[in-house]
Amino acid sequence: MDKYILAIESSCDETSVSIIKNGSEEIATVVLSQMDTHANYGGVVPEIASRMHIENITMVLEECLNKANMTMDDIDMIAVTYGPGLIGSLLIGVMTAKTLAYVYNKPLIPVHHIAGHIYANNLVKKMEFPLMALVVSGGHTELVYMSKHYSFEVIGATLDDAVGEAYDKVARVIGLPYPGGPNIDKLAREGKDTYDLPLPLDDSSFNFSFSGLKSAVINLVHNEKQRGNEIRKADLARSFEERVVEILSKKTMAAVRQYKVKNLIVAGGVSANRWLRDRLAELCEENNINLIIPEMKYCTDNAAMIGAAGYFAYEHGKVADLALNAKANDLLS
Ligand code: KG4
Ligand code: ZN
């Protein structure tokens, strides 16, 4: 029997509701981004984010049902991002989901945000196992091995900053507006790799570290300014991006080889990065690996991915009761 999931995502600065059929077919999605508001402050302000989620969630929910031409009676279950993320933001989604599950008597499915990013791929093409997932976002940098549906083994992670976080900080230092990632990506296309920046944590582990690279950029900008030198912003963006993409692709391909997988998935906001996409596409073609990267609209935070993951979470017995709570930090397992 077909299963229709209504999914809610509110872990950061996007309020989103989606209806997904059988974990793979998108019926309708509404994403309301608060990016323009937070851009005024150079980053997400948690207090403002949660307040805006409160103001918008009912409207987004209604709009999604209208778009799908459905009512709550057509919905089989409710999925929600319970964590990780900003606690005040998560709470709005979780409270909404609990209320809907209670009032309409539907199963409540808790979804880990990163599982959502990975499962965004199932909306593009049915996932095949075993696979390796590279999760790169504002809060995460992880390599996740999956032998089957809803089985996650984190084989490597960042020891400090997430890659998106490093992008955003570097962007701020060179004077680009928030969100930094896409702006660096754009500017880097006009530049050359002329700055001598270190390749971070270039070892045999699957872990990452981006704070050293970020500090190298900050120090470089600082020193050049003190000397009264102009910074070649496009070149610096390019040099930074080259290092990031090199270490990500190098370790990802090593993981793919070691775990003998034929499928590689890239997930999270940074997977929108043009350079990373092109480099991985090239390496995967050379090595006969099937590369799956979601369309841009599924890369950044959205509820469609939560609905896709929610279906498989349910199949694996992950059903919550009304005691479900938001968790700011929670490991993917
Ligand atoms: O997955 P996401 O929407 O939110 C989190 O769960 O963190 O990821 C947002 C992150 C931000 O750090 C943003 O700067 C980065 O993804 N990002 C990019 C690009 N587009 C978004 N980073 C590099 N290149 C891009 N094109
Ligand atoms: Zn995300």
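Residues numbered from 1 in each chain as written. Chains lettered and ligands numbered in written order. Predicted model: local features only at pLDDT ≥ 70, side-chain atom pairs only at ≥ 80, totals over all residues. Heavy atoms only, no water.

1. Side note on the sheet that holds strand 10 (residues 290-292)
Stated formally: At least two DSSP bridges between two strands are needed for those strands to be called paired. Secondary structure counts use DSSP, requiring at least four H or I residues in a row for a helix and at least two E residues in a row for a strand, with both numbered from the N terminus. Helix axes are fitted only over the stretch in contact, all axes being lines through C-alpha atoms; the angle between N-to-C directions runs from 0 to 180 degrees.
Judged by pairing direction, the sheet is mixed, and its five strands sit side by side in the order 8-7-6-9-10 without closing on themselves. Only two strands of the sheet have a single partner each, and these edge strands are strand 8 (153-157) and strand 10. In this sheet, adjacent strand axes meet at a mean angle of 20° when their direction is disregarded. One ladder, built from four bridges, connects strand 7 (residues 141-146) with strand 8; its direction is antiparallel. Within the sheet, the bridge partner assigned to V144 lies in strand 8 and is V154.

2. Brief notes about the coordination of the zinc ion (ligand 2)
In an ideal octahedron of six donors the angles at the metal are 90 or 180 degrees, and in an ideal tetrahedron of four donors they are 109.5 degrees. Worth spelling out the cut-off: Because water is not among the atoms used, a metal site may look incomplete, as its donors are only the N, O and S atoms within 2.8 Å, or 3.2 Å for Na, K and Ca. Think of it in three bands: with a 1.4 Å probe and only protein chains considered, a residue is buried below 20% of the maximum accessible area for its type, exposed above 50%, and partly exposed in between.
Protein coordination at the zinc ion (ligand 2): the donors are H113 (NE2), H117 (NE2) and D301 (OD), at 2.0 to 2.1 Å from the metal. Considered as a linear motif, the donors of the zinc ion (ligand 2) on their single chain read H-x3-H-x183-D. Within this pair, H113 and its partner H117 are both found in helix 4 (residues 113-119), separated by four residues, close to a single helical turn. Here H113 falls in the buried class, since its relative accessible area comes to 6%. Residue classification places H117 among the buried positions, given a relative accessible area of 1%.

3. Examining a nonpolar patch on the surface
The condition that has to hold: For patch detection, residues must exceed 30% relative accessible area and be free of salt bridges, and they are connected within 9 Å for like charges or within 5 Å for nonpolar side chains (Val, Leu, Ile, Met, Phe, Trp, Tyr). The Shrake-Rupley method, run with a 1.4 Å probe sphere, supplies the accessible areas, and residue values consider only the shown protein chains as cover. Definition used for salt bridges: Asp or Glu carboxyl oxygen within 4 Å of a side-chain nitrogen of Lys or Arg.
On the surface, a cluster of nonpolar side chains totalling about 430 Å² of accessible area is made up of Y102, V103, Y104 and L322. Structurally, Y102 can be placed in helix 3 (residues 87-104). Judged by relative accessible area, which is 60%, Y102 ranks as exposed.

4. Some remarks on the site of ligand 1
For clarity, the threshold we go by: The near set for a molecule or strand comprises every residue that places at least one heavy atom within 4 Å of it. Polar contacts here mean pairs of N or O atoms no more than 3.5 Å apart (in protein, one a potential hydrogen donor and the other a potential acceptor; neighbouring residues in sequence count only if both atoms are side-chain atoms). Under this grouping Gly is polar, as are all residues other than the nonpolar Ala, Val, Leu, Ile, Met, Phe, Trp, Tyr, Cys and Pro and the charged Asp, Glu, Lys and Arg. Domain extents, as shown, originate in an automatic or database domain assignment.
Inspection of the region around ligand 1 gives 18 residues, with G138, D168, D185, G269 and N273 positioned closest. In the environment of ligand 1, an oxygen atom lies 3.1 Å from a nitrogen or oxygen atom belonging to the side chain of H113. Within the backbone of G139, one N or O atom sits 3.3 Å away from an oxygen atom of ligand 1. Contributions of two or more residues to the shell around ligand 1 are made by helix 4, helix 5 (163-173) and helix 6 (180-188). Class assignment of the residues belonging to the shell around ligand 1 gives a composition of four nonpolar, eleven polar and three charged. Split by domain, the residues of the shell around ligand 1 number at least three in each of domain 1 (4-119 + 298-315) and domain 2 (127-293).

5. Focus on the domain arrangement of the protein chain
Put simply, the rule reads: By buried area we mean how much accessible surface two parts lose on assembly, using a 1.4 Å probe and totalling the loss over both.
What the domain assignment reports for the protein chain is domain 1 (4-119 + 298-315) and domain 2 (127-293). Counting each side, the surface lost to burial between domain 1 and domain 2 is near 1,600 Å², with a carbon and sulfur contribution of 74%. Contact with domain 2 buries area across many residues of domain 1, yet I118, Y119 and C299 alone supply 39% of it, more than any other trio. Our count for the domain 1 to domain 2 interface comes out at zero salt bridges. Inspection of the region where domain 1 meets domain 2 yields three residue pairs in polar contact (both at pLDDT 80 or more). Elements supplying a minimum of two residues to the side of domain 1 that touches domain 2: helix 1 (35-39), helix 4 and helix 11 (304-315). With five residues, helix 4 is the largest single contributor of residues to the side of domain 1 that touches domain 2. By residue class, the composition of the side of domain 1 that touches domain 2 is 13 nonpolar, five polar and one charged.

6. A word on the pairing of strand 4 (residues 77-83)
What counts here: Seen with its strands pointing away from the viewer, a crossover is right-handed if its path from the first strand over the helix to the second goes clockwise.
Taking burial as the measure, the seven residues of strand 4 include seven buried ones, the bulk of the element. Bridging between strand 4 and strand 5 (residues 108-112) involves five bridges; their strand directions are parallel. Each residue of the ladder has a partner; that of V80, found in strand 5, is P110. Between the parallel pair strand 4 and strand 5, the chain is carried across by helix 3, and the sense of this crossover is right-handed.

7. Considering the packing of helix 7 (residues 211-226) against helix 8 (residues 233-258)
Think of two packed helices as two axes; the pair is described by the angle between the axes and how far apart they sit. Keep this limit in mind: Put simply, angles under 35 degrees are roughly parallel, angles over 145 are roughly antiparallel, angles from 65 to 115 are roughly perpendicular, and the rest are oblique. Left-handed is the label given to a crossing in which the near helix is rotated counterclockwise from the far helix by less than a right angle, and right-handed is the label when the rotation is clockwise. The contact definition used throughout considers only heavy atoms, calling two residues in contact when any of these lie within 4.5 Å.
As a packed pair, helix 7 and helix 8 sit with axes 11 Å apart at the nearest point and diverge in direction by 165°. One way to sum up the angle between helix 7 and helix 8 is to call them roughly antiparallel. Handedness of the crossing formed by helix 7 with helix 8: right-handed. Two secondary-structure elements touch here, helix 7 through L213, V217, L220 and V221 and helix 8 through L236, F240, R243 and V244. Across the contact of helix 7 with helix 8, the residue classes break down as seven nonpolar, no polar and one charged.

8. Overview of the pairing of strand 2 (residues 14-21)
Remark: a regular strand shows side chains that alternate across the two faces of the sheet. Most of strand 2 sits inside the fold, with eight of its eight residues counted as buried. Side chains of strand 2 alternate between two faces, with E14, S16, S18 and I20 and T15, V17, I19 and K21 buried alike. Judged from the eight bridges that link them, strand 2 and strand 3 (residues 25-33) form a sheet pairing that is antiparallel. Directly across from E14, in strand 3, lies its bridge partner S33. Taking the residues between adjacent antiparallel strands as the criterion, strand 2 and strand 3 are bridged by three residues, where N22 takes a positive phi near 55°.

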